Amino acid sequence: TVSLTINGTACTAFPNETILSCARRHDLYIPTLCELDDIDHTPGTCRVCVVEILQAGKEAPQIVTSCNTPVREGMEVQTRSKRARDMQRLQVELLMADHLQDCATCIRHGNCELQDLAQFVGLTENRFFDRARTEARPIDLSSPAMVRDMTRCVRCQRCVAICRHHQQVDALVMEGTGLDRVVALRDADDYPNSVCVSCGQCVLVCPTGALGERDETDRALDYICDPDLVTVVQFAPAVRVAFGEEFGMPPGTNVEGQIIAACRKIGVDVVLDTNFAADVVIMEEGTELLKRLKEGRRPTFTSCCPAWINFAEIHYPEILSMLSSTKSPQQVLSTIAKTYLPEKLGVDPSRIRVISVMPCVAKKDEAVRPQFVHDGQPETDLVLTTREFARLLRREGIDLKDMEPSTFDVPYMSAYSGAGAIFGTTGGVMEAAVRTIYAVVNGRELDRIELTQLRGFDGIREASVDLGGPVGKVKVAMVHGLGDTRALVESVLSGQADYDFIEVMACPGGCVDGGGSLRSKKAYLPLALKRRETIYDVDRQAKVRQSHNNPQVQALYREFLEAPNSEIAHRLLHTHYQD
Ligand code: HC1
Ligand code: SF4
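All values reported here derive from a predicted model rather than from experimental measurement. (Residues numbered from 1 in each chain as written. Chains lettered and ligands numbered in written order. Predicted model: local features only at pLDDT ≥ 70, side-chain atom pairs only at ≥ 80, totals over all residues.)

A.B. asks: A description of the overall build of the protein should follow, citing residues and the corresponding values.
C.D. replies: Within the protein, the regular secondary structure consists of 20 helices and 20 strands. Radius of gyration (C-alpha) of the protein: 25 Å, near the 25 Å computed for a compact globule of 579 residues. Each principal axis of the C-alpha distribution contributes one length, and for the protein these read about 85 × 55 × 45 Å. Taking all 579 residues of the protein together, the buried fraction comes to 52%. Partitioning the contacts of the protein with sequence separation of at least 6, the portion at a separation of at least 24 is 74%. (Helix = DSSP H or I, 4+ residues; strand = E, 2+ residues; numbered from the N terminus. Rg over C-alpha atoms; globule rule 2.2 N^0.38 Å. Buried ≥ 20, exposed ≤ 12 C-beta atoms within 10 Å, placed from the backbone. Contact = placed C-beta atoms within 7 Å.)

A.B. asks: Mind laying out the site of ligand 2, listing which residues take part and the relevant values?
C.D. replies: Around ligand 2 sit 13 residues in total, of which Cys163, Val169, Cys196, Cys199 and Cys202 are the nearest. Looking at the shell around ligand 2, the elements with two or more residues in it are helix H5 (158-166) and helix H6 (201-205). Broken down by class, the residue content of the shell around ligand 2 amounts to nine nonpolar, four polar and no charged. (Near = placed C-beta within 6 Å. Nonpolar A, V, L, I, M, F, W, Y, C, P; charged D, E, K, R; others polar.)

A.B. asks: Describe in detail the site of ligand 1, supporting the description with residues and values.
C.D. replies: Residues in contact with ligand 1 amount to 20 residues; listed here are only the nearest, Ala236, Ala238, Cys304, Pro329 and Cys511. Elements with a contribution of two residues or more to the shell around ligand 1: helix H9 (274-294) and helix H11 (329-337). Here the shell around ligand 1 is built from residues that sort into 13 nonpolar, six polar and one charged.

A.B. asks: Report on helix H10 (residues 306-315), specifying residues and quantitative values.
C.D. replies: In terms of residue burial, H10 counts as a mostly covered element, since seven of its 10 residues are buried. What H10 keeps buried is the set Pro306, Ala307, Trp308, Ile309, Asn310, Phe311 and Ala312. Those residues of H10 that are buried are in contact with helix H13 (362-367), helix H17 (482-493) and strand E20 (501-505).

A.B. asks: Quick one: what's the story with the confidence of the model for the protein, residue by residue and with numbers?
C.D. replies: Confidence along the protein averages 95 in pLDDT terms, with 100% of residues attaining 70 or more. Taken over the whole predicted complex, pTM reads 0.96, whereas the ipTM for its chain interfaces reads 0.95. (pLDDT = per-residue confidence, 0-100.)

A.B. asks: Any chance you could break down the sheet that holds strand E1 (residues 2-6) for me, citing the residues and the numbers?
C.D. replies: Overall, mixed pairing links the five strands, which are arranged E2-E1-E5-E3-E4 in an open sheet. One side of each edge strand has no neighbouring strand; the edge strands of this open sheet are strand E2 (9-13) and strand E4 (62-65). If you compare each strand with its neighbour and ignore which way they point, the axes differ by 35° on average. Of the pairings in the sheet, the one linking E1 to strand E5 (residues 76-78) comprises two bridges and is parallel in character. Across the sheet, residue Thr5 finds its bridge partner in E5, namely Glu76. Contacts between helix H2 (residues 82-97) and the sheet are confined to strand E3 (50-54), E4 and E5, with E3 contributing the most and set at about 150° to the helix. (Pairing = 2+ DSSP bridges. Axes fitted to C-alpha atoms, helices over the stretch in contact; angles between N-to-C directions.)

A.B. asks: Hey, could you go over helix H3 (residues 113-120) for me, with residue numbers and the actual values?
C.D. replies: Within the span of H3, buried status applies to Glu113, Leu114, Leu117 and Ala118. Down the axis of H3, the buried set is contained in an arc of 145°. They therefore lie on one face. Where H3 is buried, its residues meet H2. Positive backbone phi, approximately 70°, marks Gly122, located one or two places after H3. (Arc of directions from axis to C-beta.)

A.B. asks: Lay out the domain arrangement of the protein with the relevant residues and their values.
C.D. replies: Assigned domains of the protein: these are domain 1 (2-95), domain 2 (98-213) and domain 3 (218-573). Summarising the inter-unit geometry, the C-alpha centres of domain 1 and domain 2 are found 26 Å apart. For the side of domain 1 that touches domain 2, a count of residues per class yields 11 nonpolar, three polar and two charged. (Domains from an automatic or database assignment.)

A.B. asks: Which residues make up the pairing of strand E17 (residues 382-385), and what are the values?
C.D. replies: Every second residue of E17 is oriented toward a common face, with Leu382 and Leu384 on one face and Val383 and Thr385 on the other, all of them buried. With four bridges joining them, strand E14 (residues 352-358) and E17 adopt parallel strand pairing. Within E17, the residue paired with Ser356 across the bridge is Val383.

A.B. asks: Describe the nonpolar core, listing the residues and the values that go with them.
C.D. replies: A general feature of soluble globular proteins is that nonpolar side chains tend to end up buried together. Counting 171 residues, the largest nonpolar core has Cys159, Cys202, Trp308 and Ala506 as its most contacted members. For this core, the element with the most residues is H9, which contributes nine residues. Contacts of Trp308, omitting those with residues within four sequence positions, involve Thr485, Val504, Met505 and Ala506. (Core = buried A, V, L, I, M, F, W, Y, C linked by C-beta atoms within 7 Å.)

A.B. asks: Kindly report on the sheet that holds strand E6 (residues 139-140), identifying the contributing residues and their values.
C.D. replies: Backbone hydrogen bonds are what pair the strands of a sheet, in a parallel or an antiparallel way. The antiparallel open sheet is built from three strands, whose spatial order is E6-E7-E10. With partners counted over all chains shown, the strands left at the sheet margins are E6 and strand E10 (211-213), one partner each. Relative to E10, strand E7 (residues 146-149) runs antiparallel, the two sharing three bridges. What sits directly across from Arg148, in E10, is Leu211.

A.B. asks: Mind laying out the environment of Asp269, listing which residues take part and the relevant values?
C.D. replies: Note that Asp269 resides in the loop between helix H8 (256-265) and strand E12 (270-273). Taking the C-alpha atoms as reference points, Asp269 and Leu229, 40 residues apart in sequence, are found 8.9 Å from one another.

A.B. asks: Go over the packing of H9 against helix H19 (residues 551-561), please, and point to the residues and values.
C.D. replies: Two numbers describe a pair of packed helices, the interaxial angle and the distance between the axes. Look at H9 against H19: their axes get within 10 Å of each other, and the N-to-C directions meet at 60°. Viewed along their axes, H9 and H19 adopt a mutual orientation that is oblique. Our pair here, H9 against H19, has a crossing hand that is right-handed. Between H9, through Phe276, Asp279, Val280 and Met283, and H19, the contact on the second element is made entirely by Gln552, Val553 and Leu556. For the contact of H9 with H19, a count of residues per class yields five nonpolar, one polar and one charged. (Parallel < 35°, antiparallel > 145°, perpendicular 65-115°, else oblique. Left-handed = near helix turned anticlockwise from the far one by under 90°.)

In structure tokens:
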């Protein structure tokens, strides 16, 4: 080990450890901006983490960046000396020089790492701001899902790193020099022509308001406040376990009841559950899978994750025929909301507007896919990310903590099984499907329905599951995160991998930490485990744990869809992809 002092406190460090890392282990704070430990990102570009060091044999102290300067034996580090503090403040002021000063209109207001820094270093003036130069930088509104606002970028390059090294999509590059340096789309002028798949991981790591979703809270209010419209809200499996944090509740708290109550309070007419549609998807996809197995078509990939669909279409069009044709739960719910629900409510379908609340940026993209818009009418009218939904409630003066939990009030499209609930975490779709397929094949339920061998956090997990009957053993795999997805797809294409069914979720961890979830400062996916535990609890406590045993699903087939994969189910609930 190496011995040194930081602000006079004796510290021990590992050889080659950086000053910043050593300080953190000893609970000594150094302000930082570009660095993000969770993704191993220390570009040293923002220079906010400067400290003063005095090294053995040197007479005068030096100023260095602590994120990339290794410790030395006998080093004396000052993070709080006048000179260090002045330098830190100057660096933040320089960062502010070409950062739009309009904090009050920024989506990150109150939750911005740059604002935090300004407070920490005691910034009281902003001498170098160059409005003309800042405003000349691009604001890219070409995507239905994302906004890339370079007037708020601080060039930390976290987005480039996560996209290149973790998701391995490599859609972003740094372009230009000096003050004109910006994050650009690689080989493209706009999102539609780029290789970006809208997974939103870059948004999760952006410290400011430079990257975000396209805000649709106003349009949501337009619908809700229009007396001629019947507004329907659906919310995703993961939202209920990932939403309370924004209102100061413990990570992973299940706030399903509070979400229902809040929706009602703001004037939503009907609250439905995407979990219900997840059960319907299992009926359709399970039946489809059995048919494909009989025909010897393997593997089949799940198709509920829209960033994965984008990835397949843009990066691996040759595998599109292997994707399940079943629409995602979001689109299934919306479709039924405009066909089956109007009959139930006795209203004209043209008056219905479906707003879906998703932990996902790519769901916005999915909602406007041409396959899901008929005669100009979309199935899903509007998608709000979990972040926008929090913003919407705040705009209505609602603190979720104060809401008395409520329950769904319509006896259709809202009940769900434990299988539908676990869709929200990686491996869940597969586990849900196996429960139902086993019952279809064998005419009885699985003895042990928790398939623990399918759970876990490894990027790629595989298992062999005995479905019994004529189907026998099938080989399944689960992958989450697009880096591992790329590896798995490559091995399928090269013939190395031999699977029957593959679940893909583009976001690491699945939807519980999706790219549309609430952002954590200075951390990447810190809450996934807690959220996931709650999802498994929901399943354990559910009265019905298999999709086919959900009475409301049974009623839907009895009253409307006839049978899984029937002609009408095919027409309404299945789709195709584009290469
Ligand atoms: Fe997901 Fe899905 S699980 S994609 O991860 O299949 O977003 O939560 O809503 O549609 O059900 C997201 C979550 C979500 C769909 C479902
Ligand atoms: Fe890359 Fe995903 Fe961000 Fe697109 S949304 S730039 S693919 S990280």
